[in-house]
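Fold and geometry: a report
The residues making up each chain are set out below.
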Amino acid sequence: MSGVNKVILVGHLGKDPEARQLDGGVSVVSFPLATSEFFNKEGRKVEQTEWHNIVMWRGLADVAAKFLQKGKLVYIEGRLRTRSFEDKEGIKKYTTEVVAENFTLLGRKTDFENGNNHGKLSARAGESFGANSALPDDQSF
């Protein structure tokens, strides 16, 4: 039996996505996502914020680069991935990221450039979306 590696997050972008083109023209974006939860401590409301490193690839990265920006509320589904790298001093470091498989931009109609977006924009990995494409009425592609 195989395991399950599934992450679901709803949070706000901590900064604009950082877009890069790798060898072979593969697009990738990365950005921090803040999720917050509230609890009562000694009779007062306390907010605890967690930061998550998000990575999106190929067509999903292209859509994210076009529509996501700092402060936007987004629903993300993906999987956890831990990888290693060497820092400038040659020391091996580890980082854990959420590799997004799809996302939905959440918010009010006024949060979107196109006034008929019905408060939602969705994208999935593996589906193409051209930079000059018109969005369909239901915003799913």
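So, here's what we can say about the structure. (Residues numbered from 1 in each chain as written. Predicted model: local features only at pLDDT ≥ 70, side-chain atom pairs only at ≥ 80, totals over all residues. Heavy atoms only, no water.)

**Digging into the overall build of the protein**
When you go through the protein residue by residue, the secondary structure sums to 1 helix and 7 strands. Helices and strands in the protein line up, N terminus first, as β-β-β-β-α-β-β-β. Counting only contacts in the protein whose residues sit at least 6 apart along the sequence, the fraction spanning at least 24 positions is 50%. A total of about 9,200 Å² of accessible surface is found on the protein, and carbon and sulfur atoms cover 47% of it. (Helix = DSSP H or I, 4+ residues; strand = E, 2+ residues; numbered from the N terminus. Contact = heavy atoms within 4.5 Å. Areas by Shrake-Rupley, 256 points an atom, 1.4 Å probe, with all protein chains shown as cover.)

**Some remarks on the pairing of strand β3 (residues 27-41)**
Sheet analysis places strand β1 (residues 7-13) next to β3, joined by 2 bridges and oriented antiparallel. Each residue of the ladder has a partner; that of Leu13, found in β3, is Leu33. Summarising the sheet, strand β2 (residues 18-21) and β3 pair through 4 bridges and their orientation is antiparallel. What sits directly across from Gln21, in β3, is Ser27. As consecutive antiparallel partners, β2 and β3 are separated by 5 residues, and within that stretch Gly24 has a phi angle of approximately 85 degrees, a positive value. Where β3 and strand β4 (residues 44-57) come together, 14 bridges link them in antiparallel fashion. Pairing of Val29 across the sheet is with Met56, part of β4. Between β3 and β4, which follow one another and run antiparallel, lie 2 residues, and Glu42 among them has a positive phi close to 55 degrees. (Pairing = 2+ DSSP bridges.)

**So, unusual backbone geometry**
For Glu42, which is not glycine, the phi dihedral falls at a positive 55 degrees. Summarising the element assignment, Glu42 is placed in the loop between β3 and β4. Not every positive phi belongs to a glycine, and Arg58 is a case in point at roughly 50 degrees. Residue position: Arg58 is located in helix α1 (residues 58-67). Judged by its relative accessible area of 53%, Arg58 falls in the exposed class. (Buried < 20%, exposed > 50% of the residue type's maximum accessible area, 1.4 Å probe, protein only.)

**Quick word on the environment of Lys66**
Its place among the elements puts Lys66 in helix α1. On the basis of relative accessibility, which here comes to 39%, the residue Lys66 falls in the partly exposed class. When the C-alpha positions of Lys66 and Ala19 are compared, they lie 9.8 Å apart, and in sequence the two are 47 residues distant.

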